[in-house]
Amino acid sequence: MNNTIQIPLNTSKKRKREIIRDWCRQTFLIEKLANKFGLIFFIACSILLSVAVSLFGVTFGILIAIVLIAIPVVVGLVIYPQFGIIVYLSMSFSIMFLLRYGISFPLGTLMDGMLVLFILGLFIQQKRKPDWAIFKSPVSLWILIWIGYNFLEFGNPTTESRTAWVYTIRGMALVTMMYFIFLYNIRTKAYMRFVFKWWLGFMLIAALYAFKQEYLGFYDFEEAYNHSEGVPLLLFIAGHWRKYSVFSDPVTFAYNMSIASLLCIGLLTGPLKAYQRIILISLIVIMLVGMMYSGTRGAFPLVPASLILYAILNYSKKILIFTAVAAVFVVGLIFMPTSNQNILRFQSAFRPNDDPSYIVRKLNQARIKPYVWAHPLGGGLGSTGEWGKKFAPGSFLSSFPPDSGYVRTTVELGWIGLIIFCIMIFTIIKTGIDNYYKIRDPELKSYSLAMVLMVFAWNIANFPQEALVQYPSNVIFYLTVAMINVCLRIDQEQQKSLVYE
């Protein structure tokens, strides 16, 4: 292939631009630099990089390498969003581990930048191949209302700090936009399978890493974190360190283990081979045992509670027997005598009235009720917790520990925000159940069931803890929500193709 641009002298400017554009498309997109120009280009880059390193040092060379990697990644995020989704999921799984390790690069800003590129790519795709149906479903409508309400909170007259809003909106509303990215770009069962495998692969690594922390101990950088100010009070319980694996804290770790276990349970209902069922059952056992090492009591009821919903949606004699056996096992585990600290914390999760921390939370919630009723818009995003202490020290809400996603929503966004959030969650679960019964494809039906169970579990988890604000939980939640509609869409497309055939 001749890669030389040949432009006759009498060619018009418009025609010259077309020739250059066609040459660039052929050289870069079709042949992907597998040509003479590509060979010359890479040889020239190698020589220039060698000269630059010799003149300016290794650091300059590393920066150049980062730029060379970043450019194709940025292009991939915009032009190949399926590739970008995998990169984004990978970053959301590993970002907290990298930060704890000591990476000083602004990874949070990097995640925001990736999100902006996704949105830019979505606009480009909508121009090329419009699909406004993704914005018309009930779930999409309420998610848009939720996002809009969070942005309107910037003008909340009772807010103590709008700077806190800037930091908080990233986790509350911006990440929510990933729902539309997932919904538009996940188009095939093959890609769904790949996403699930990638997801479970990361969760397996996280579970095994928790085993390493439990039996082999922590690395030095983790020990430094464990003994930093205030951390031992949260992680060292009854002479035993709670494990957090590669996540930010034991709560996030435990919730993701429970959710991934429910994904496996849902997948088990699909048309699988024997070895695939063995793998999924093994993953469930590994992840639930790893969850125990977290010492997070709020995560322990998630799987049993979701299995009740599973039994209701799939009422049959076999399911009833399985549920009864599982219930007997859980009840036995709750009341069995033991000295194991992990099992003792599991048992305490089902006896909240005997837990001093739960009693304190109830008192805090009772104390804040008059404020909530008097402030229908709440105190503003970021007015409680760490952001409240940082940006509005001394304010009434800065000293209030929300300790719950629902409580934080109520206090910061008011009872109006709580109503919107609850309607959104109800719409998601209702749509998921409706879609589950509409879907005919057995594989997609198993995916749909898994998504419903996971959203249901996230909803329960958000009551005792803030379950939906930390990476990767916030990303995984909206991936799960998007999959609810994706499963039905793919099934309907399959049914239409069968009718036409």
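Quick notes on the rules
Residues numbered from 1 in each chain as written. Predicted model: local features only at pLDDT ≥ 70, side-chain atom pairs only at ≥ 80, totals over all residues. Heavy atoms only, no water. Helix = DSSP H or I, 4+ residues; strand = E, 2+ residues; numbered from the N terminus. Buried < 20%, exposed > 50% of the residue type's maximum accessible area, 1.4 Å probe, protein only. Contact = heavy atoms within 4.5 Å. Areas by Shrake-Rupley, 256 points an atom, 1.4 Å probe, with all protein chains shown as cover. Patch = residues over 30% accessible without salt bridge, like charges linked within 9 Å, V, L, I, M, F, W, Y side chains within 5 Å. Salt bridge = Lys/Arg side-chain N within 4 Å of Asp/Glu carboxyl O. Axes fitted to C-alpha atoms, helices over the stretch in contact; angles between N-to-C directions. Parallel < 35°, antiparallel > 145°, perpendicular 65-115°, else oblique. Left-handed = near helix turned anticlockwise from the far one by under 90°. Phe/Tyr/Trp six-rings, centres within 6.5 Å; stacked < 30°, edge-to-face > 60°. Expected span 1.5 Å × (residues − 1). 1 Å grid on protein atoms, 1.4 Å probe; cavity = no way out; pocket = protein on both sides within 12 Å on 5 of 7 lines; lining within 4 Å. Points joined across faces, edges and corners; volume = space filled by probe spheres on them. Nonpolar A, V, L, I, M, F, W, Y, C, P; charged D, E, K, R; others polar. Core = buried A, V, L, I, M, F, W, Y, C linked by side-chain atoms within 4.5 Å.

Caption draft 1: Region of interest: the overall build of the chain. A count of helices and strands for the chain gives 21 helices and two strands. When the 501 residues of the chain are sorted by exposure, 48% land in the buried category. For the chain, long-range pairs separated by at least 24 residues make up 73% of all intrachain contacts whose partners lie at least 6 apart in sequence. Taken as a whole, the chain presents about 25,500 Å² of accessible surface, with 70% of it coming from carbon and sulfur.

Caption draft 2: Expanded view of a nonpolar patch on the surface. On the surface, a cluster of nonpolar side chains totalling about 780 Å² of accessible area is made up of Phe-28, Leu-29, Ile-30, Ile-71, Val-75, Ile-79, Tyr-80 and Phe-83. Of all the secondary structure elements, the ones that give two or more residues to the nonpolar patch are α1 (13-30) and α3 (58-79). Relative to the helices and strands, Leu-29 resides in helix α1.

Caption draft 3: Molecular detail of the packing of helix α14 (residues 302-313) against helix α20 (residues 442-461). Put simply, α14 and α20 touch, their axes get as near as 9 Å, and they point 140° apart. Taken together, the axis directions place α14 and α20 in an arrangement best described as oblique. By crossing handedness, the relation of α14 to α20 is classed as right-handed. When α14 is examined against α20, the residues Leu-302, Ala-305, Ser-306, Leu-309, Tyr-310 and Leu-313 are found in contact with a partner set consisting of Leu-449, Val-452, Leu-453, Phe-456, Ala-457, Ile-460 and Ala-461.

Caption draft 4: Fine view of the packing of aromatic side chains. In this structure the tally under the stated criterion is 29 aromatic pairs. Ring geometry for Phe-97 versus Phe-221: centroids 5.7 Å apart, planes at 80°, classification edge-to-face. Of this pair, Phe-97 sits in helix α4 (residues 81-101) while Phe-221 sits in helix α10 (residues 220-226), and the two are 124 residues apart along the sequence. Look at Phe-221 and you get buried, because its relative accessible area is 18%. A centroid spacing of 4.8 Å and a plane angle of 65° characterise the contact between Phe-154 and Trp-165, whose relative ring orientation is edge-to-face. Of this pair, Phe-154 sits in the loop between α6 (138-152) and α7 (162-174) while Trp-165 sits in helix α7, and the two are eleven residues apart along the sequence. You can call Trp-165 buried: its relative accessible area is 12%. Taken together through their ring pairs, the aromatic side chains of Phe-97, Tyr-101, Tyr-209, Tyr-219 and Phe-221 make up a single cluster.

Caption draft 5: Seen up close, helix α2 (residues 36-56). For α2, which comprises 21 residues, the first-to-last C-alpha distance of 30 Å matches the rise-based estimate of 30 Å (1.5 Å per residue) to within 8%. Trailing α2 by a residue or two, Gly-57 shows a phi angle of about 100°, which is positive.

Caption draft 6: Up close: unusual backbone geometry. A cis geometry characterises the amide bond from Tyr-471 onward to Pro-472, with omega recorded as 0°. One non-glycine residue, Ser-245, lies in the positive phi region at around 55°. With respect to the helices and strands, Ser-245 occurs in the loop between β2 (240-241) and α12 (250-267). Given the relative accessible area of 0%, Ser-245 is considered buried.

Caption draft 7: Representation of the side chain of Asn-462 within the structure. Mapped onto the elements, Asn-462 comes out in the loop between α20 and α21 (473-500). Contacts of Asn-462, omitting those with residues within four sequence positions, involve Ser-404, Gly-405, Tyr-406, Phe-421, Ala-467 and Leu-468.

Caption draft 8: Up close: empty space enclosed by the protein. The final tally for this structure, using the stated rule, is three cavities of 30 Å³ or more. In this structure, the largest cavity occupies an estimated 140 Å³ of space. Secondary structure elements with two or more residues in the lining of the largest cavity: α7 and α19 (405-438). Among the elements that make up the lining of the largest cavity, the one with the highest residue count is α19 (four residues). Classifying every residue of the lining of the largest cavity gives seven nonpolar, five polar and two charged.

Caption draft 9: Inspection of the pattern of salt bridges at higher detail. Scanning the entire structure with this criterion turns up seven salt bridges. Between Glu-214 and Lys-243 there is a salt bridge whose closest N-O contact spans 2.8 Å. Of this pair, Glu-214 sits in helix α9 (residues 189-216) while Lys-243 is found in the loop between β2 and α12, placing the two residues 29 residues apart along the sequence. One exposure class covers both Glu-214 and Lys-243, and it is buried. In this structure, the salt-bridge partner of Asp-434 is Lys-430, at a minimum N-O distance of 2.9 Å. Separated by four residues within a single helix, Asp-434 and Lys-430 lie in helix α19, roughly one turn from each other. Asp-434 gets classed as partly exposed once you look at its relative accessible area, which sits at 30%. The class for Lys-430 is partly exposed, based on a relative accessible area of 43%. Residues joined by salt bridges that share partners form a network here, namely Lys-189, Arg-193, Asp-441 and Glu-443.

Caption draft 10: Quick look at the nonpolar core. Grouped together as the largest cluster of nonpolar side chains are 110 residues, with contacts concentrated most on Met-192 and Trp-199. The element best represented in this core is α21, accounting for 13 residues. Of all hydrophobic cores here, the second largest spans nine residues; its members include Tyr-310, Ala-311, Leu-449 and Val-452.

Caption draft 11: Quick look at helix α5 (residues 107-128). For α5, spanning 22 residues, the distance from its first C-alpha to its last is 31 Å, which sits close to the expected 32 Å at 1.5 Å a residue. Those residues of α5 that sit buried are Leu-107, Met-111, Asp-112, Met-114, Leu-115, Leu-117, Phe-118, Gly-121, Leu-122, Gln-125 and Gln-126.

Caption draft 12: Spatial organisation of the packing of α5 against helix α8 (residues 178-185). Across the interface, α5 lies against α8 with an axial gap of 10 Å and an inter-helix angle of 45°. It follows from the interaxial angle that α5 and α8 lie oblique. Helix-helix and strand crossings are classified by hand; for α5 and α8 the assignment is left-handed. Contacts between α5 and α8 involve Leu-115, Phe-118, Ile-119, Leu-122, Gln-125 and Gln-126 from the former and Met-178, Phe-180, Ile-181, Tyr-184 and Asn-185 from the latter. For the contact of α5 with α8, the residue count by class is eight nonpolar, three polar and no charged.

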